[in-house]
There are 2 protein chains.
Amino acid sequence: MANTTRFEAKEGLDPRQVAVILQAVEAGDTAELTRLLEPMHAADVADLLEQISAEERRQLLAMWSGEIDGDILSEISDAIREEVIEALPPGVVAEAMRELDTDDVVDILEDLEEPAQEAILSTLDSADRLAVEQALAYPEYSAGRLMQREVVTAPEHWTVGEMIDHLRAAEWLPDQFYHVILVDPRMRPVSYVTLGRLLSSRRDVALKAIVEESFRTITATDPEADVAYLFNQYHLISCAVVDEHGRLVGVITIDDAMNVLDEEHQEDMLRLAGVDDESSVLDTAAETARRRLPWLMVNLVTASLSAVVISRFEATIEAIVVLAALMPIVASTGGIAGTQSLAVAVRALATRDLTASNARRVVWRELGAGLLNGLGLALVLGLAGTLLFGDWRLGVVLSSAMMVNQVVAALGGVLVPLSLNRMGLDPALASGTFVTTLTDVMGFFAFLGLATLVLL
Amino acid sequence: MANTTRFEAKEGLDPRQVAVILQAVEAGDTAELTRLLEPMHAADVADLLEQISAEERRQLLAMWSGEIDGDILSEISDAIREEVIEALPPGVVAEAMRELDTDDVVDILEDLEEPAQEAILSTLDSADRLAVEQALAYPEYSAGRLMQREVVTAPEHWTVGEMIDHLRAAEWLPDQFYHVILVDPRMRPVSYVTLGRLLSSRRDVALKAIVEESFRTITATDPEADVAYLFNQYHLISCAVVDEHGRLVGVITIDDAMNVLDEEHQEDMLRLAGVDDESSVLDTAAETARRRLPWLMVNLVTASLSAVVISRFEATIEAIVVLAALMPIVASTGGIAGTQSLAVAVRALATRDLTASNARRVVWRELGAGLLNGLGLALVLGLAGTLLFGDWRLGVVLSSAMMVNQVVAALGGVLVPLSLNRMGLDPALASGTFVTTLTDVMGFFAFLGLATLVLL
């Protein structure tokens, strides 16, 4: 096969690789397609399906549907998963689901519509179906939805030797396990032992003697954001999940926690920008428009506030029309300052670096920073205004308005997310619109108001 | 001790807990302080030090300096680490460093100034010092800086029994290890075995027979962003690091990769907002101001472009002064649309969902979304303008300008980061300033230009 192209799978999907695969699809060459796809990692096949057009995807799935397995379905983006599942024969989907651990099946099912969910549930055998339904009974975005139910446990009093014999005799073990969880007779987890310690200890050592300090539990109904925080804060690899009576019901591993952390970041970034947090470049134009229109409409209303403020100063603008050209400078620089302060505050709230313990101090610091930068910008703008227009009074108006708006921006950027957070809302949600409205209105008001006082 | 307060360490630091600790500091009660701090996780002690004032920190460290260990120094934010290290007696710092794995020592040292680095290096014993200096010789933000050099390996031909005997006999094993890496006689890693498989297999099974498909290597000079991508894409728990000859030099574990992923997100979010990517709520007011001033100054210049555009239409504004009040509506709604499109594109570039394979299709979709939302907003604004001002021609001007600017915003939001990315620059860097300048200038130009044509 010296004349055909081979790709290193090391660094994700290569655009040239995509082009070669699409050639095979277009030529209807199933053998070549299989040869190209077969060695690829499920995550890369999923990326491929995401990055080609809907029509190409349809063709590829028609040629290769039998090979789509559970891992691929599990890797594929929510944005196109339903479409892919619908394109597959029911037998292929059923077989794919049977290969997966419960947490992965739950992850796939929870984003599907009711009929598609039912169709898949009905193909599972009764034990798996029960496990999946139990997981789906936990609230959305809870630890219970994230956990796998397959857990390796041991009675507290066992020795290393007993444990190893037990593991060797086990017919089946989870794909991902890093700890053996010690439980009391009522199935309440009390500690855990890493596999590394287990392997390096003598057979007669008691498990109790080699437990880890890092052991923690989380309740199945706790929000998944707490799971991500716990793993990140305490460098956990796995965490036992308990029910309201403290009994072990499952375990969450770090790959799931990393996934949640990634999604939380996506949410923060997109919400801050005023977009639906499930927005994706895979959305169609109509979906994209729909996910953005709500905040655009809100902004249309808030922007009208600026218009109302400006219209109160029409007489001033009529007298000195150059003010109309200058007023966006103050408003726009305020908008940037507000966005800066906001991004730092939202990030700090997400990482819990900004708390009730230091909120007051952080607000004072923002005030200081706003004053300092306000002073710097006011000097430059005031000087430029004075020199360009030969009127020092215009310079004074520009620099004073800039000063005021920079302080408002710095304070608004931290106070808006802090207030949303205190109200139990997501500090990233809509903060951007609030803060830029604030800096726009304040920028126009301060500039035109001062101009009316000083210049008329 | 029924009358004193105890806190559950489960969910991070509690503001009430901080208040109680500060009381002990103020009272100079070292015994109480120790009682409160001693059971706390190093990550929570670090958070405590971050959230109190500089003065309180100085007092607390003076009372409790002997107990600050390597884990605490390793958890503490870069923003105050240097300050904390300087406040500690050199002996305490040296002792703290000796407890840590090389990757953690490197992580601490790389952010310190040269003299502080030297002071700490000189306290390490020669083997550790050599290891740390070798790691520091790798480029900043490379895999080599992240890896730990402590690795558990086995010759390819070993059996499970030989491996377990070897581990039991080992005097020392790394804190974090999840795989045994199989190496060839030249120390080139060829595969790995999970500890779970090792524990559950019979002693006579060959290691070769139970290796994992997920095995991958990364080169020590590769950027750490690639490390984060690899772990996230392929759900790795650990990854072997090789030198340019393919020889094993270390291993990176998922906790480090998770950390990098977190930092990458922070960078994207802060850069997009035009703030230095190391900004933190722990910065002083002067540091905060300094990290934000550069983009504010840039914005002062770009905002002047809008002023120049508007000033070309002074005659129009003089004739119809209400235009001055209405023009920010078109500009500001364009700014929001540009920010929305930008956030989605920057995120997709970071997760490698937006690539050369689908860039063209994504740009077309943005155009479609811009047209759809432009149409919707144009209808509302046009109608409102017509009704409020009793002039349908003003409605036409408002809606046409809105339409144009929405399309420019949607396209700018995706084309600016794509272009930066193609130039090898960070797509998040300064995109925000570019895009809002574009939508401001275009918004004012389209609105005032059309008004001049239609209304005068």
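As the structure is a prediction and not an experimental result, all values here were calculated from the model.

The rules behind the values
Residues numbered from 1 in each chain as written. Chains lettered and ligands numbered in written order. Predicted model: local features only at pLDDT ≥ 70, side-chain atom pairs only at ≥ 80, totals over all residues. Heavy atoms only, no water. Buried < 20%, exposed > 50% of the residue type's maximum accessible area, 1.4 Å probe, protein only. Helix = DSSP H or I, 4+ residues; strand = E, 2+ residues; numbered from the N terminus. Pairing = 2+ DSSP bridges. pLDDT = per-residue confidence, 0-100. Contact = heavy atoms within 4.5 Å. Buried area = accessible area lost by both parts, 1.4 Å probe. Salt bridge = Lys/Arg side-chain N within 4 Å of Asp/Glu carboxyl O. Axes fitted to C-alpha atoms, helices over the stretch in contact; angles between N-to-C directions. Least-squares fit on C-alpha atoms with pLDDT ≥ 70 in both. Phe/Tyr/Trp six-rings, centres within 6.5 Å; stacked < 30°, edge-to-face > 60°. Domains from an automatic or database assignment. Polar contact = N/O pair within 3.5 Å; in protein donor to acceptor, adjacent residues only side chain to side chain. UniProt positions renumbered as here; feature names shortened; annotations may be inferred.

Chemist: In this structure, what is going on with the pairing of strand β6 (residues 248-253) of chain B? I would like to understand it.
Modeler: In the case of a regular strand, side chains alternate between the two sheet surfaces. Residue and element names in this part refer to chain B. With respect to burial, β6 is a largely interior element, 5 of its 6 residues being buried. Strand direction decides the pairing type here: strand β5 (residues 238-242) and β6, joined by 5 bridges, are antiparallel. Its bridge partner being in β6, Ala240 is matched across the sheet by Val251. If you look at the hairpin formed by β5 and β6, you'll find 5 residues sitting between the two strands, and Gly246 has a positive phi there, around 80°.

Chemist: Explanation requested: the confidence of the model for chain A in the structure shown.
Modeler: Residues with a pLDDT of 70 or more make up 98% of chain A, whose mean pLDDT is 92. Here helix α9 (residues 114-121) of chain A is the element of chain A with the lowest mean pLDDT, 86, and helix α20 (residues 392-422) of chain A is the one with the highest, 97.

Chemist: Looking at this model, I keep getting lost on the interface of chain A and chain B. Mind explaining?
Modeler: It is common to give the size of an interface as the accessible area that goes away when the parts come together. Contacts between the two partners involve 127 residues from chain A and, on the opposite side, 126 residues from chain B. Carbon and sulfur atoms supply 63% of the area buried between chain A and chain B, which totals about 11000 Å² over both sides. There are 4 salt bridges connecting chain A and chain B. A:Asp262 is the salt-bridge partner of B:Arg347, the closest N and O atoms lying 3.4 Å from each other.

Chemist: Would you mind showing me how to read the sheet that holds β6(B) here?
Modeler: Neighbouring strands of a sheet are bound in pairs by backbone hydrogen bonds; such pairs are parallel or else antiparallel. All names here are of chain B. Sheet architecture is open: 3 strands sit in the order β4-β5-β6, paired in mixed fashion. The strands lining the two open edges of the sheet, one partner per strand, are β4 (217-219) and β6. Sheet twist, expressed as the average angle between the axes of neighbouring strands with direction ignored, equals 35°. Strands β4, β5 and β6 of the sheet are contacted by helix α14 (residues 224-234), whose axis makes an angle of about 170° with β4.

Chemist: Is there a simple way to think about the relation of the copies chain A and chain B in this case?
Modeler: Here two copies of a chain appear, and what relates them is a rotation about an axis with a shift along it. Superposition of chain A onto chain B requires a rotation of 180° combined with a translation of 0.0 Å along the rotation axis, giving an RMSD of 0.1 Å. Within this description, the copies of the chain are treated as partners about a two-fold rotation axis.

Chemist: Just checking my understanding: could you explain the packing of aromatic side chains for this structure?
Modeler: To describe a pair of aromatic rings, one takes the distance between the centres and the angle between the planes. One pass over the full model with this rule turns up 5 aromatic pairs over all chains. Ring centres of A:Tyr178 and B:Tyr178 lie 6.0 Å apart, and the angle between their planes is 75°; on these two criteria the pair is classed as edge-to-face. Here A:Tyr178, found in the loop between α12 (160-169) and β2 (179-183), pairs with B:Tyr178, found in the loop between α12 (160-169) and β2 (179-183), and the two come from separate chains. The burial state of A:Tyr178 is the same as that of B:Tyr178; both residues are buried.

Chemist: I tried to follow the pattern of salt bridges on my own but got confused; where do I start?
Modeler: Side chains bearing opposite charge may pair, as long as their charged atoms lie close to each other. Summed over all chains, the structure comprises 46 salt bridges over all chains. Between A:Glu83 and A:Arg57 there is a salt bridge, with the nearest N and O atoms lying 2.8 Å from each other. Of this pair, A:Glu83 sits in helix α6 (residues 78-87) while A:Arg57 sits in helix α4 (residues 54-64), and the two are 26 residues apart along the sequence. Classification of A:Arg57 by relative accessible area gives buried; the value is 6%. Among the ionic pairs, B:Glu55 bridges to B:Arg58, the shortest N-O distance being 3.0 Å. Residue B:Glu55 and its partner B:Arg58 are both found in helix α4 (residues 54-64); the two are separated by 3 residues, about one turn of the helix. Among the residues examined, B:Glu55 registers a relative accessible area of 40% and is labelled partly exposed. Each of the salt bridges in this network shares a partner with another, and the network as a whole consists of A:Glu267, A:Arg271, A:Asp277 and A:Asp426.

Chemist: For this particular structure, what's the right way to read the domain arrangement of chain A?
Modeler: Residues and elements named next belong to chain A. Segmenting chain A into domains produces domain 1 (18-137), domain 2 (153-272) and domain 3 (285-455). With centres defined by C-alpha atoms, the gap from domain 2 to domain 3 works out at 48 Å. Each partner contributes residues to the interface: domain 2 has 7 residues there, and domain 3 has 13 residues. Summing both partners gives a buried area of about 770 Å² for domain 2 against domain 3, and 56% of it is carried by carbon and sulfur. Put simply, Arg352 and Asp226 hold a salt bridge, and the shortest N to O gap is 3.1 Å. Along the contact surface separating domain 2 from domain 3 lie 2 residue pairs in polar contact (both at pLDDT 80 or more). Of all the secondary structure elements, the ones that give two or more residues to the side of domain 2 that touches domain 3 are α14 (224-234) and α15 (254-272). The leading source of residues in the side of domain 2 that touches domain 3 is α15, at 4 residues.

Chemist: Even after reading the chapter, I still don't get unusual backbone geometry, so can you show me in this structure?
Modeler: It is generally the case that most residues other than glycine have a negative phi and that most peptide bonds are trans. Backbone geometry places A:Arg352, a non-glycine residue, at a positive phi of 55°. Turning to its location among the elements, A:Arg352 is positioned in the loop between α18 (322-350) and α19 (359-389). Given the relative accessible area of 25%, A:Arg352 is considered partly exposed. Positive phi, close to 65°, is recorded for B:Met187, a residue that is not glycine. By the element assignment, B:Met187 lies in the loop between β2 and β3 (189-194). On the accessibility criterion, B:Met187 (36% relative accessible area) is partly exposed.

Chemist: What exactly am I supposed to notice about the UniProt feature "transmembrane region" (unreviewed entry) in chain A here?
Modeler: Residue and element names in this part refer to chain A. The residues that UniProt annotates with the feature "transmembrane region" (unreviewed entry) are residues 293-313, 319-346, 367-390, 396-416 and 428-455. Regarding residues 319-346, the helix share stands at 93% and the strand share at 0%, and the terminal C-alpha atoms are separated by 42 Å. Across residues 428-455, the secondary structure splits into 89% helix and 0% strand, with the terminal C-alpha atoms separated by 40 Å.

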